[in-house]
Amino acid sequence: MRDVLAGLSVAGLLLPSAIAYAAIAGLPPAPALIATLVGLGIYAACGRSRFAMVAPTSSAAAILGALLVSMHGRGTPEAITAVAVLATGAFFVVAGLARAGGLASFISRPVLRGFSFGIAVTITIKQLPAMLNVKGGTMAALPLLWSLLRALPHWHWAPLLLGAVALAILGWLRRYPAIPGQVLMVGAGILLSASMNLGAWHVGLVGSIALAFPHLSLPSLSPADWTNVIEIALPLFIILFAESWTSIRGLALPHGDQVSTNRELLALGCANLGAGLLQGMPVGAGFSASSAAEAAGAQSRLAGLVAMGLILVLALWGRGLIALLPTPIVSAVVIASLFHALDLSPLLRLWRIDRDQYVATAAVVAVLALGVMNGMLIAVGFSLLALLRRFSAARVSELGRLGDSHDFADLARHPEARTDPKILILRPAEPLFFANAEEVQAAIAVRAGGDQRVIILSMEESPDLDSTALDALTSLDARLAQTGQILLLARIKDHIRDELRRVGAAELADQRSYRSVADAFAAATRTAGPR
């Protein structure tokens, strides 16, 4: 029963969303409806998330719209769309078969949170033109908002009032998750339109939908045009992957659900290949619809099949009713589905704990100012730069012994730890690799400039060493030997010993490397002699 109610609720969102996203892409509603049916059906058969609702998304629609504008006159919009969707599906399948799902780990959670919030704000702003009955555009959220403010004299207040009332009612109905508020609002909008002349109040309607039965076919484009469209399909794949995995992983984690990135890549690939063959729009696990499924209490992928069935019935026999749907109601349903996504709490928490807040904020600003695609690339770039900056830091801690135990801890945090004036124990705080090896070597050499006889270097943070790090380590050994000091290695992995032997440092690997700091300290004590 929960899946049935969730499916009804999601259908009430996906139906108006499909119409809105088709308009963003500059297409009639039919390709979006076809893609919604295909995406829901194929994902239910191939995917694993009980919440993911695979259908057209606003970000993909925006990229597709830009592609159609750039390819104007070089093919029909249907053919260009089909090629883009087929190529996107192929990218998903190849990535899944290559088990490249681990690439998702390079998009950190703060970036995902900022990206999700930016997407939610962007979708909300892009619904405003329909609620004001003014001309919108494909520009980014902040430029679009500025354009709408400049068009203030042309605003129509009746559709804005209708949309605001619908939003207020939908917000109130959120207190009762068992009630499919979106379905009720769509029905109320159709009744309102049927009972009065909304056009006299400048309220737009969805209008008639021409929906022919789709057939499997390959689009007809020249080889050069195929190449141009496929080039755009790569960023389309990236944005759908990022948005879909944000939804799937983000909704699975709080419930303890297990999802496989590679399996989801294949499922999304099959859904897009099916949509492309049937002349539909690109599809992904949209944040708003998937979150609506969770909020409605979906228990399995049956909720997606219920939503697909209801939309199919309406698409085949209810197009006359859909045509009466007021566009402000459509916008209100889309915005209401994002209420929880517009919550600032996850971002404010990052500021409160003083971790990764700048990366998350940069993701929000980039999406709003530069658009979804550019914003995502910039946000991921910031994430990788932050990672490199943290790993490239030459932070070296000095360790001391805790009492008579075998434990050695950072002296900065444990001043009670004991040291030996003849022995210096150091530990790099980050893994040694090409970006920090030289600086860490120099920092250790400076710290070892005293009267210490033995220098112990704990390698516990370095699971592997590249050639630059190996050269820096052997160079440090030679440098300390010139001053009469001995270098010992602790917590070193066996394969790193093999690498040291291959670079000509067999004596260091075999006679001066130990599995624990305690073992290295015991050897250093014998070498350095009594205090």
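Keep in mind that this is a model prediction, so the values were computed, not measured. (Residues numbered from 1 in each chain as written. Predicted model: local features only at pLDDT ≥ 70, side-chain atom pairs only at ≥ 80, totals over all residues. Heavy atoms only, no water.)

### With respect to the sheet that holds strand E6 (residues 454-458)
Here is step 1 of the chain: Here six strands make up an open sheet; going across it, the order is E4-E3-E5-E6-E7-E8 and the pairing mixed. What marks the edges here is a single partner per strand, and that holds for strand E4 (408-410) and strand E8 (513-514).
Here is step 2 of the chain: In this sheet, E8 lies alongside strand E7 (residues 486-490) in parallel orientation, the contact comprising two bridges. Bridge pairing in E8 links Leu489 to Ser513.
Here is step 3 of the chain: The strands that helix H19 (residues 437-447) touches are strand E3 (396-401), strand E5 (423-428) and E6; relative to E3, the one it contacts most, it runs at about 45°.
Here is step 4 of the chain: Sitting on the sheet, helix H20 (residues 467-482) is in contact with E6 and E7, with an inclination near 145° to E7. (Pairing = 2+ DSSP bridges. Helix = DSSP H or I, 4+ residues; strand = E, 2+ residues; numbered from the N terminus. Contact = heavy atoms within 4.5 Å. Axes fitted to C-alpha atoms, helices over the stretch in contact; angles between N-to-C directions.)

### Quick word on the packing of helix H1 (residues 2-25) against helix H15 (residues 327-336)
Here is step 1 of the chain: Closest axis-to-axis distance for the H1/H15 pair is 9 Å, and the angle between their directions is 115°. Considering how the two elements wind past one another, H1 and H15 form a crossing that is left-handed. For the pair H1 and H15, the contacting residues are Gly12, Leu13, Pro16, Ser17, Ala20 and Tyr21 in the first and Val330, Val333 and Val334 in the second.
Here is step 2 of the chain: Taken together, the residues of the contact of H1 with H15 sort by class into seven nonpolar, two polar and no charged. (Left-handed = near helix turned anticlockwise from the far one by under 90°. Nonpolar A, V, L, I, M, F, W, Y, C, P; charged D, E, K, R; others polar.)

### Topic: the pairing of E6
Successive side chains on a regular strand alternate, one facing one side of the sheet and the next facing the other.
Here is step 1 of the chain: Most of E6 sits inside the fold, with five of its five residues counted as buried.
Here is step 2 of the chain: Pairing between E5 and E6: four bridges, direction parallel. Looking across to E6, one finds that Ile423 is bridged to Val454.
Here is step 3 of the chain: Handedness of the E5-H19-E6 crossover: right-handed. (Buried < 20%, exposed > 50% of the residue type's maximum accessible area, 1.4 Å probe, protein only. Right-handed = clockwise from strand over helix to strand, strands pointing away.)

### A few points about the packing of aromatic side chains
Here is step 1 of the chain: With the rule as written, the count across this model stands at seven aromatic pairs.
Here is step 2 of the chain: For the ring pair Phe237 and Phe241, a centre distance of 5.9 Å and an interplane angle of 5° mean the geometry is stacked. Highlighted residues: Phe237 and Phe241, both in helix H10 (residues 223-252), separated by four residues, approximately one helical turn. Accessibility assignment for this pair places Phe237 and Phe241 in one class, buried.
Here is step 3 of the chain: Here Phe433 and Phe434 contribute two aromatic rings whose centre-to-centre distance is 5.1 Å and whose plane-to-plane angle is 75°, an arrangement assigned as edge-to-face.
Here is step 4 of the chain: A relative accessible area of 55% places Phe434 in the exposed class.
Here is step 5 of the chain: One aromatic cluster is present, formed by Phe91, Phe92, Phe237 and Phe241 through successive ring pairs. (Phe/Tyr/Trp six-rings, centres within 6.5 Å; stacked < 30°, edge-to-face > 60°.)

### So, the nonpolar core
General note: in soluble globular proteins, nonpolar side chains tend to be found buried as a group.
Here is step 1 of the chain: Among the nonpolar cores identified, the biggest contains 96 residues, and Leu64 and Met281 are the most heavily contacted of them.
Here is step 2 of the chain: Top contributing element to this core by residue count: H1, with 13 residues.
Here is step 3 of the chain: Counting 26 residues, the second-largest nonpolar core is a separate cluster that includes Val396, Ile444, Ile455 and Ile492. (Core = buried A, V, L, I, M, F, W, Y, C linked by side-chain atoms within 4.5 Å.)

### Looking at the packing of helix H8 (residues 157-173) against helix H9 (residues 181-195)
Here is step 1 of the chain: The N-to-C vectors of H8 and H9 enclose an angle of 150°; their axes lie 10 Å apart at closest approach. Classified by the interaxial angle, the pair formed by H8 and H9 is roughly antiparallel. For the pair H8 and H9, the crossing hand works out as right-handed. Taking contact as the criterion, the partners of Leu162, Ala166, Ile169, Leu170 and Leu173 in H8 are, on H9, Gly181, Gln182, Met185 and Leu192.
Here is step 2 of the chain: Here the residues of the contact of H8 with H9 are counted per class, giving seven nonpolar, two polar and no charged. (Parallel < 35°, antiparallel > 145°, perpendicular 65-115°, else oblique.)

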